[in-house]
Amino acid sequence: MGSVTGAVLKTLLLLSTQNWNRVEAGNSYDCDDPLVSALPQASFSSSSELSSSHGPGFARLNRRDGAGGWSPLVSNKYQWLQIDLGERMEVTAVATQGGYGSSNWVTSYLLMFSDSGWNWKQYRQEDSIWGFSGNANADSVVYYRLQPSIKARFLRFIPLEWNPKGRIGMRIEVFGCAYRSEVVDLDGKSSLLYRFDQKSLSPIKDIISLKFKTMQSDGILLHREGPNGDHITLQLRRARLFLLINSGEAKLPSTSTLVNLTLGSLLDDQHWHSVLIQRLGKQVNFTVDEHRHHFHARGEFNLMNLDYEISFGGIPAPGKSVSFPHRNFHGCLENLYYNGVDIIDLAKQQKPQIIAMGNVSFSCSQPQSMPVTFLSSRSYLALPDFSGEEEVSATFQFRTWNKAGLLLFSELQLISGGILLFLSDGKLKSNLYQPGKLPSDITAGVELNDGQWHSVSLSAKKNHLSVAVDGQMASAAPLLGPEQIYSGGTYYFGGCPDKSFGSKCKSPLGGFQGCMRLISISGKVVDLISVQQGSLGNFSDLQIDSCGISDRCLPNYCEHGGECSQSWSTFHCNCTNTGYRGATCHNSIYEQSCEAYKHRGNTSGFYYIDSDGSGPLEPFLLYCNMTETAWTIIQHNGSDLTRVRNTNPENPYAGFFEYVASMEQLQATINRAEHCEQEFTYYCKKSRLVNKQDGTPLSWWVGRTNETQTYWGGSSPDLQKCTCGLEGNCIDSQYYCNCDADRNEWTNDTGLLAYKEHLPVTKIVITDTGRLHSEAAYKLGPLLCQGDRSFWNSASFDTEASYLHFPTFHGELSADVSFFFKTTASSGVFLENLGIADFIRIELRSPTVVTFSFDVGNGPFEISVQSPTHFNDNQWHHVRVERNMKEASLQVDQLTPKTQPAPADGHVLLQLNSQLFVEISAYFGSGSSVIYNFQENYLLSKNSSSHAASFHGDMKLSREMIKFSFRTTRTPSLLLFVSSFYKEYLSVIIAKNGSLQIRYKLNKYQEPDVVNFDFKNMADGQLHHIMINREEGVVFIEIDDNRRRQVHLSSGTEFSAVKSLVLGRILEHSDVDQDTALAGAQGFTGCLSAVQLSHVAPLKAALHPSHPDPVTVTGHVTESSCMAQPGTDATSRERTHSFADHSGTIDDREPLANAIKSDSAVIGGLIAVVIFILLCITAIAVRIYQQKRLYKRSEAKRSENVDSAEAVLKSELNIQNAVNENQKEYFF
């Protein structure tokens, strides 16, 4: 009954979530009206304008007024274009153009938003700062769908990069719809009390949704309680939300233990944040912005005893008291709903259910606090002091994650000294230095790098220096000597300018990275708008009117209990005492099985086992018995003999077995093992196992499936049989168990339980010891397991056409891949998985180089490990790859690992949608072709987001990497052709004389650059490998891993508006040179393999599309093996193995019709693969050969069936391990 109730509650919870999402979305399902085109001129503003005809009012999309768009006076990163939508709107998409008919366009930009025109917030996605790719020419339109949408009145476009041959130029449009909201403003002393009808109250259900914004870090958002201590409270503490729930069944815990859940961070930024609380019985969902947590509440929450009222903004009702410190909320609430009731609307209508306490208004005030962000250690803000007073005086607030950095420097006149105010180890230090004298220091505050706002006041007057932090005055220090203090005239905040400016500013610990606000000098508030406009002071690398701080520990990417700490640009994980290591505590320091320890050469003893590797289960201690095989021994509390008397069916005996590991840990260990068993001995005297009259069981046991079992021996569940029944030697042949003979003398039924799915034994029930002289006793041995199904998995790739494919690799945040390989091939792809733009690939780049390449939305990255010896030596090599939010790493054997730090900002989720594969080749018949179109029409652009294909009709291509292999005997031949909409192209051809030619034409007005390789006839029927890597005007070419050339192009540096990629014959007319035209007319006959243009795989898209791809196949193009000679049916040699799950079987005869293959050559040889993914373990069950060894006790027959191929595999690994003592650890 309980499980049914739980399922119903979960369903209700899901439905309520969906309904709330619809409310939040508002009209987003039909919310794409243009919002800018009808705005008046006054709605447009900008940082500057080049001329009156380049003003912001000319920035409407597709308009040609004025000079055809907005351009600022100076093109730098401090320029902006601002739109006032008139009221808060929901914005779902943006579109940009360059200046009409000009060379002025923006190639990337930031999008900011604000309710007030002050205190801007940067649009983010996936918790990372997200810039937009802009235009590649003046008139094409680039659209972006905003997910999530923006609710704001003001938008600001900030150009980051622009056409280097022109200047900043923009025309824009914004799409969305009206946004409805009800708002209430609470001043920190006011609140709302809602009293509801008792009949309408559900004791098990609460659904509360609201939005809030505030500048205060503490305050009560809502509170509801009952007479016995039951309460639900949502409280803002230190700019984080705490959901406090307690039932009257337990005493109210202390403040430190009261918190049930904490979500959100930096919520005092004066921007809107959404909250959803759903409680159905004990099921609770808590959502803050995009962060969600589901949990079971403590206590008896099915029927909480709560009063029929709830307060918002404070705890105002008389007689109400809580045992934790609290303040009333100071800020604005929006769209406040309690169980579907619009609370703010009721308050506006002055309904009797609502009592307004204090000063409540229904419009949101906009405090004009203008923060400034110091983006880098080179940032500074220099401000003059016009007071003329004989003192140094400044106040400001700051927030940061960095432990060190300069906050303020002021030069002192006459005494040639200065005052420094800086952070050191999270403490504030003030330092007065004078030539020839010891510095005078004041230290104040601790842990000031906690991300909270802290106020600072500095005063130096006459011969006295004082500093206050957060209102607490630090010990004042007298200055040395009688000198008067005279300001040097300039205050440097956050850092120092370059020494070339002549400044005497000192910054011993580097610049400050963080935010400041409320800056005052000599009692006068600094006008940062004047600073931004250049009329006051000067600055470098600042973001004015915005605080760009982000919490890199939310969510916490440190796994397995690792402690997260952060600086301004990155986070760190402390893995001490977790049992894990690595940048995110992802990798277990323990092996996954006794088999793995045995392979390392360990002897018998106690070891920690982490059965799911990098998964969520903790390691546990067990004993490994290293005999001929490695036996895992897991003990429990019932190993001693236990005697049972005086039981009957109405009064049964139940014995429970508790193991040294949790049931989840046991299940993972058993699933990984080849074989598991437990010896169970049941001693009996007039104690039966089965009632011989009706066959009902009188004793039984329960395993991990929680099902009753009535068999007592053997590897298969044969009902009501013991070992003697299976072997036919029971003391009474009428029965299948010795105890069922019901004799008045001691006998026993002893057997091995070896059916893995039922193990371990967790409970025994005995009901037949109530008769005279009746007695029973039992003894359960430890759980014994041997073998490792994942450790010895192997697959043989006989040809380059062989491949395996698996379900999509899900490693969005953290994932690792490890495997062994051995080969004699010089290159090939181990595995590959593609998304729309994201991809991962592990390959043998050359005989001495293994490469891991990937793209998670920040552009492609590569990590390579180079060996002094060859990897294709037909010996086993171990590869381990990891990618997480912190870094990507690659290690091969015992060579030094290589790492690639993750970008501090940008798209970070690895999003793949194809199957994991290692891919093959294709045979092209005469006249055949494959055409991959990068962009065909406007709709692709309009409907694409930032994750759309990297090659975009509006985009320029300044770099590409091309790789493929081919075999042919025909000349001339066209191997590959890339075209653009602007008559630019790249062709790779075999000329009439058999030479390989690469032709780049990146300017339609110039002749192509030709690179000719004539060292041999490339149409010799042999397999050749080509790699082309271009970075703007420099091209690196490698042929067959031994011919290399670097050339500089004269025709240009960029592909404009890439159109298509052609393999084989060119079908449409193209304006190309004569040799390319001749080869294109002939096409290609032969085999192409592993064709790759950056992350695009045209053969995969053509032969096995996973979704509609813009690809056209003409003529005879079939999967084939480039190992075969041209003209033969190479497909007959191809072998495919597919695994829809981890326990599937292998069909060596029929490849899957829908298998997704990659166009990459596959290494011949043997490869053992294991993939571990965050929070789950996926063992790739490649089972070409299977081994089963069943260990039996003396009363059971030992059977052994070891496949010869696997025995050879084990032998080779063991021999190699003995020779190379350094290579001991293969799996982490």
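In the block above lies the structure referred to throughout.
The structure contained in this document is the topic of the report that follows. (Residues numbered from 1 in each chain as written. Predicted model: local features only at pLDDT ≥ 70, side-chain atom pairs only at ≥ 80, totals over all residues. Heavy atoms only, no water.)

1. Details of the overall build of the protein chain
Heads up, the condition is: Numbering goes from the N terminus for both helices and strands, where a helix is a DSSP run of H or I of at least four residues and a strand is a run of E of at least two. For every residue, the accessible area obtained with a 1.4 Å probe (protein chains only) is divided by the maximum for its type, and the residue is called buried under 20%, exposed over 50%, and partly exposed between those limits. Residue contacts are defined here by distance: any two heavy atoms, one from each residue, within 4.5 Å place the two residues in contact. For every accessible area listed, the method is Shrake-Rupley and the probe measures 1.4 Å; residues are considered covered only by the protein chains on display.
Across its full length, the protein chain holds 11 helices and 89 strands. A buried classification covers 57% of the 1228 residues belonging to the protein chain. Within the protein chain, counting contacts between residues at least 6 apart in sequence, those at least 24 apart form 70% of the total. About 50800 Å² of surface is accessible on the protein chain, with carbon and sulfur atoms providing 48% of the total.

2. Focus on empty space enclosed by the protein
Rules: Put plainly, a pocket is an open set of points on a 1 Å grid over the protein atoms alone with protein on both sides within 12 Å along at least five of seven lines, a cavity is a set where a 1.4 Å probe fits but cannot get out, and a lining residue has an atom within 4 Å of a point. Grid points are joined across faces, edges and corners, and a volume is the space filled by probe spheres set on the points.
Scanning the model with the defined rule gives 11 cavities of 30 Å³ or more in all. Lining the largest cavity are 18 residues, with S827, E843, K963, S965 and H1025 sitting closest to its centre. Of all elements in the fold, only β61 (828-834), β62 (839-846), β72 (959-968), β77 (1024-1031) and β82 (1086-1093) reach the threshold of two or more residues within the lining of the largest cavity.

3. What about the environment of Y179?
What counts, and what does not: Definition of a polar contact: a pair of N or O atoms within 3.5 Å, with one able to donate and the other able to accept a hydrogen when the atoms are protein atoms, and with sequence-neighbouring residues admitted only if both atoms are side-chain atoms.
Counting through the fold element by element, Y179 comes out in the loop between β10 (171-178) and β11 (183-187). The spacing of Y179 and V91 is 88 residues in sequence and 9.1 Å in space, taken between C-alpha atoms. Not counting residues within four places of it along the chain, the set of residues in contact with Y179 comprises R88, M89, E90, K151, K211, E334 and N335. A distance of 3.4 Å separates the side chain of Y179 from the side chain of K211, its partner in a polar contact. A polar atom in the side chain of Y179 sits 3.4 Å from the side chain of N335.

4. Digging into the side chain of N285
Position of N285 relative to the elements: it lies in strand β19 (residues 283-288). Side-chain polar atoms of N285 contact the side chain of H294, separated by 2.8 Å.

5. Focus: the packing of aromatic side chains
Applicable threshold: Each Phe, Tyr or Trp ring, with Trp reduced to its six-membered ring, pairs with another whose centre is within 6.5 Å; inter-plane angles below 30 degrees give stacked pairs, above 60 give edge-to-face pairs, and intermediate values give tilted ones. Should the NZ of a Lys or the CZ of an Arg lie within 6 Å of a ring centre and within 35 degrees of the ring normal, that charge is described as sitting over the ring.
Counted according to the given criterion, the structure contains 34 aromatic pairs. With centroids separated by 5.4 Å and ring planes inclined at 55°, the aromatic side chains of Y194 and F196 adopt a geometry described as tilted. By the burial criterion, Y194 is buried, and F196 matches it. Each ring, one from F821 and one from F830, has its centre 4.6 Å from the other, and the planes form 50°; the classification is tilted. Exposure class is identical for F821 and F830. Each is buried. By way of ring pairs, the aromatic residues Y109, Y123, F132, Y144 and F157 are connected into one cluster. A cation sits over an aromatic face here: R156 above W80, 3.8 Å from the ring centre. The aromatic ring of F1015 is capped on one face by R1043, whose charged end is 4.2 Å from the ring centroid.

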